[in-house]
Amino acid sequence: MTESLLSPGPPVTDGGTRALPRRLRHWSSLLGLVPFLVYVGIFLAVPTIVVVLGAFGGPDGRPTLGNVDALTTPTIINAFVRSITLSGVTAVLGAVAGALIAYTVVTARADGMLRRSVSSASGVLAQFGGVTLAFAFLATLGFNGFLTVFFQDHFGINITGSGWLYALPGLMLVYTYFQIPLMVIVFLPALDGLRPQWREAAEGLGGSTWQYWRHVGIPLLAPSFLGSTLLLFANAFSAYATAAALVSQGSPIVPLKIREAITSEVILGQANVGKALALGMIVVVAVVMFGYARLQRRTARWLG
Amino acid sequence: MTDAHPAPTPAERPGHGVAVRLAGLRRTYGTVHALDGLDLDIAPGELVALLGPSGCGKTTALRLLAGLEETDGGRVYVDGKDVTDVPANRRDMGMVFQAYSLFPHMTTKENVEFGLRLRRVDGAARSERASEMLELVGLSAQANRYPHQMSGGQQQRVALARALAIRPQVLLLDEPLSALDAKVRVQLRDEIRRIQLEVGTTTLFVTHDQEEALGIADRVGVMRAGNLEQIAPPDVVYTHPATPFVADFVGLSNRLPGHVSDAAVEVLGHRLPLVDPSTGSGPVTALVRPESVGVHPSDTGSARVVSASFLGSMGRVSVALPDGTLVLAQVPSSAVMALTPSTAVELSLAAVPVVVEH
Amino acid sequence: MAGVTSRRRRRQRVLRWVVLGTATVFFVLPMFAMLEFTTRGMNGTRTLQTWRTLFDVPLLRANYPELWVGLKASAGLAVLTVVLMLVLLVPTMTWVRLRLPQLSRLVEFLCLLPLILPAIVIVVGLAPVYAWVVYLLGDSSLTLTFAYTILVLPYAYRALDAGLSSIDVRTLSEAARSLGAGWGTIMVRIVLPNLRNAVLSAAFLSVALVLGEFTIASLLNQSNLQVGINLLSKRNASMSIAVSFAALAFAFILLFLLSLVGGRRGTRTAEEPA
């Protein structure tokens, strides 16, 4: 399929394509990109356009701001607030804990067992999410979970209490489980980029450990740390599966509100509210990822 | 370790030069002896170049002097005081690294001011001193640039300015030119020497490039396997190498069979004086420099030209002796063109003292 | 004090043990809890019944059909997604590098777009597209391949891009062409063999993502492993947790194999699978 698009007709000694005028050669090169563009067009661009246009489409098919207005209702605003809180808190927690773990590993040997195990473990755990993670926590802190039973039997305390696991606090705990490893993966390269020469130069010039970190280490790591935190934020904000598996009552956060909107057939036109919600999500994530990209560029320049 | 030439005292040099002494320095990594009882004296204001192949311990010696690593034995004295137990950030030494010297998030000026800032020098004095240093290295126009906006050579000059800004007792340069282009390397080398002479700071310069070491130093210390093979002024190291290793490492050498008798060696039909007249008689290998070998086209010559290269300022010719041995000779560039391959030639050897090994 | 460096090293070591120890407890606890939960028998005994059932395929198939269906679907999806991803990306990326370097930023942007358009957002707009897909190809869970290939784009792109950078495709293909090779030969005999590591890396990452995907499958009312596990949990908590643990262990083995294959390249893996 793609091979015929890739092979220019005439034989190999390249007398073929070079004989063609330049503009024609340029167009024939573009042909090679067509399959990819078509595919991405259908399965990525079209859904995006559906979402964006649908966000402004009414039940009768005519443009309206009604869906966007629906976004300003208290329930939806609260959902956004909760989503942002959840993402923000887990991003910061994940960033701090992850940075700490990354730091302890970066001071060890580069190809030693410790570094490799932590890297692999982080790779797997950052990947570990969704339904399986939710169930792991149910097995730990659910009504019959290991810790629940343990605390009940040994200390007589009921730790599941109000069912906090199935609401925002629970989501916060569970999300940090994959946020921390993600931070380790994303931040480790930046820590690696801190050259020992800078520390030695600072020492030679008379700086103490604290002075080195204050004037050199922390300023150099700050953009990467901030950027990684933003990445964690976007990651948590976009997450759906874990919450879907854990929360069965209500839709406290935006992704779950989207689920509600597109699966509920009770109220007509709800589907388009779902699209408006999706659009809102796109805006938030796009802004955050833009910030991340800018900070990454600075990091790459200094620590790359 | 031969040191027949003690450190000269450049008495007329101004500045902050202090004497440095490394006494019996030892450093081991596992089973490897990076330094094996190194003794070195550097006179105030002197520039000593430590030269040697990788792993000889030259960088280790520098880092021990800087305090960036701990000794496993021996002492370090700066200006007569024992600083072996003083941490690196209190030794008052300026250091320039091979790469990544500058802090990437600071401008040139901020980089140079950094040491002063740590010493709580106030803004105006700091700025003035930094400007002075940037002027010294010729980069005043780049004061507000960032490292990534400058070339490698410029970055190293800023690193030098930064090191000198704090008026260090000792200046340490760890292969500062190795990462630069050939032409920049030569220019910067002369710059560094000029600045060092002007400021007068005692300097230790580590390099694996013998041309660099010879070109820049007051004395050159050739190191091997954790110790000094020879330390002497550049011309002495070149013309009177103390050991075959030094003769081999510094400059090129031809290895030719010879025979020692009566404090001279017979090589290729010529009698040459010895660097070490006390060498015992018998068959030896003589190390003869290419510039001591003369090549003369001659119909009766028994040697033949194998190849000749025109190198601009001079030429290099490879000649085969009847028994097959290849001899490298240096000839004036004007003579190269006549020495086409297979030309019959005669070889002559200048009466310069040579090193021999048994 | 000469001991400054050794004091610093000691402090670092203490910090390391404390931090990593706490982290290990935090991360291992839920996994331990899963094992503990799935081996509970009557009256506080331990039993491997759940696990035995899990590995008894005919029994599994009979008693837990929703899980079995999901498992099969995910296995098929994993294979199909990897194939489609490779067929789509490898030629395209090579082509761009060789003939259209000015468009490399565009391709990169498109491939990284799914990071800004999370699955939950894409699935909202996928419904009309999938209406067509189902109309043309039937209502099979395997049609999710198309969506999944989009989801794996960022990770596969990064892996393949790193691979292509490291082999200097341009020089190799120019050398091959000067020796008389056509594009087909170049792709198959020159590019692919040298991209072995990158291809394997992209493949493993894709498989891991596909196995963990829940959002699109569930909201498009299809079946896959995660959907199966979720459905199962309503019936039999223990079995669903056992499968979760097995899935995690499998992902761990996959990524471990990946680290062996990829040598010392850092593990840049998927973010939370939507």
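Scroll up to find the structure.
How each quantity is defined
The written sequence of each chain sets the order in which its residues are numbered from 1. Chain A is the first chain written and ligand 1 is the first ligand written, with later ones labelled in order. With the structure being a predicted model, the display of local features is reserved for residues of pLDDT at least 70 and the display and counting of side-chain atom pairs for 80 or more, all residues being used for whole-chain, interface and lining totals. The side-chain quantities take in all heavy atoms of the structure and omit both hydrogens and water. The contact criterion used is simple: two residues touch if any of their non-hydrogen atoms lie within 4.5 Å. For any pair of parts, buried area is found by adding up, for both, the accessible area (1.4 Å probe) each one loses once the two are put together. Put simply, a salt bridge is a Lys or Arg side-chain nitrogen that is within 4 Å of an Asp or Glu carboxyl oxygen. What qualifies as a polar contact is a pair of N or O atoms within 3.5 Å, subject to a donor-acceptor requirement within protein and to the restriction that residues adjacent in sequence count only when both atoms come from side chains. In DSSP terms, a helix is any run of H or I states spanning at least four residues, a strand is any run of E spanning at least two, and both are numbered starting from the N terminus. Charged means Asp, Glu, Lys or Arg here, nonpolar means Ala, Val, Leu, Ile, Met, Phe, Trp, Tyr, Cys or Pro, and polar covers whatever is left, Gly included. Between buried and exposed lies partly exposed: a residue is buried under 20% and exposed over 50% of the maximum accessible area for its type, with that area taken using a 1.4 Å probe on protein chains only. Stacked, edge-to-face and tilted labels apply to pairs of Phe, Tyr and Trp rings (six-membered ring for Trp) whose centres lie within 6.5 Å, assigned for plane angles under 30 degrees, over 60, and everything in between, in that order. In this scheme, Lys NZ or Arg CZ marks a charge over a ring once it lies within 6 Å of the ring centre and within 35 degrees of the ring normal.

A. Structural context of the interface of chain B and chain A. Counting residues at the interface gives 22 residues for chain B, matched by 19 residues for chain A. Here chain B meets chain A over a buried area of about 2100 Å², counting both sides, of which 65% is carbon and sulfur. Among the residues chain B hides against chain A, the three largest losses belong to Tyr100, His105 and Leu118 of chain B. Together they make up 29% of the total. In this assembly, chain B and chain A are joined by one salt bridge.

B. Region of interest: the interface of chain A and chain C. Residue-level contacts link 94 residues of chain A with 89 residues of chain C. Of the roughly 7500 Å² buried between chain A and chain C on both sides combined, carbon and sulfur atoms contribute 76%. On the chain A side of the contact with chain C, Phe36, Tyr39 and Gln127 of chain A bury the most area, a combined 10% of that side's loss. Our count for the chain A to chain C interface comes out at zero salt bridges. Counting across the interface, chain A meets chain C through five residue pairs in polar contact (both at pLDDT 80 or more). Among the elements that take part in the side of chain A that touches chain C, helix α4 (residues 34–55) of chain A stands out by supplying 13 residues, more than any other. Class assignment of the residues belonging to the side of chain A that touches chain C gives a composition of 59 nonpolar, 27 polar and eight charged.

C. Seen up close, the environment of Ala225 of chain B. All names here are of chain B. Relative to the assigned elements, Ala225 resides in the loop between β9 (219–224) and β10 (227–232). Ala225 sits 94 residues away from Val319 along the chain, and the two C-alpha atoms are 34 Å apart. Apart from residues no more than four positions distant in its own chain, Ala225 is found in contact with Asp36 and Cys56.

D. Representation of the environment of Pro252 of chain A within the structure. All names here are of chain A. Structurally, Pro252 is set in the loop between α13 (241–246) and α14 (254–263). Remark: the alpha-carbon pair of Pro252 and Gly123, spanning 129 residues in sequence, is separated by 29 Å. Beyond its immediate sequence surroundings of up to four residues, Pro252 is in contact with Asn78, Ala79, Arg82 and Val247.

E. Main features of the pattern of salt bridges. Taken as a whole, this structure holds 26 salt bridges over all chains when the rule is applied. Where Asp82 of chain B meets Arg75 of chain B, a salt bridge forms, and the shortest distance between an N and an O atom there is 3.0 Å. By relative accessible area, which is 35% here, Asp82 of chain B ends up partly exposed. Note on Arg75 of chain B: relative accessible area 32%, which makes it partly exposed. We note a salt bridge from Arg235 of chain C to Glu66 of chain C, for which the minimum N-O separation is 3.2 Å. One end of the pair, Arg235 of chain C, is in helix α12 (residues 225–235); the other, Glu66 of chain C, is in helix α4 (residues 65–99), with 169 residues separating them in the sequence. For Arg235 of chain C, a relative accessible area of 52% translates into the label exposed. A single network of salt bridges, built from pairs that share partners, joins Glu200 of chain A together with Arg27, Arg63, Glu69 and Asp72 of chain B.

F. Just the packing of aromatic side chains, in detail. In the structure shown here, the tally under the stated rule is 24 aromatic pairs over all chains. With 5.0 Å between their ring centres and 55 degrees between their planes, Tyr177 of chain A and Phe27 of chain C make a pair best called tilted. In this pair, Tyr177 of chain A sits in helix α10 (residues 168–192) while Phe27 of chain C sits in helix α1 (residues 4–38), so the two residues belong to two different chains. Pair check on accessibility: Tyr177 of chain A and Phe27 of chain C agree, each one buried. With a centroid separation of 6.0 Å and an interplanar angle of 85 degrees, the aromatic rings of Trp51 of chain C and Phe245 of chain C are classed as edge-to-face. Residue Trp51 of chain C is located in helix α2 (residues 49–55), and its partner Phe245 of chain C is located in helix α13 (residues 237–261); the two are separated by 194 residues in the primary sequence. Following the ring pairs from residue to residue traces out a cluster consisting of Phe146, Phe150, Phe151 and Phe155 of chain A together with Phe32 of chain C. One Lys or Arg, Arg162 of chain B, reaches over the ring of Phe103 of chain B and ends 4.8 Å from the middle of that ring.

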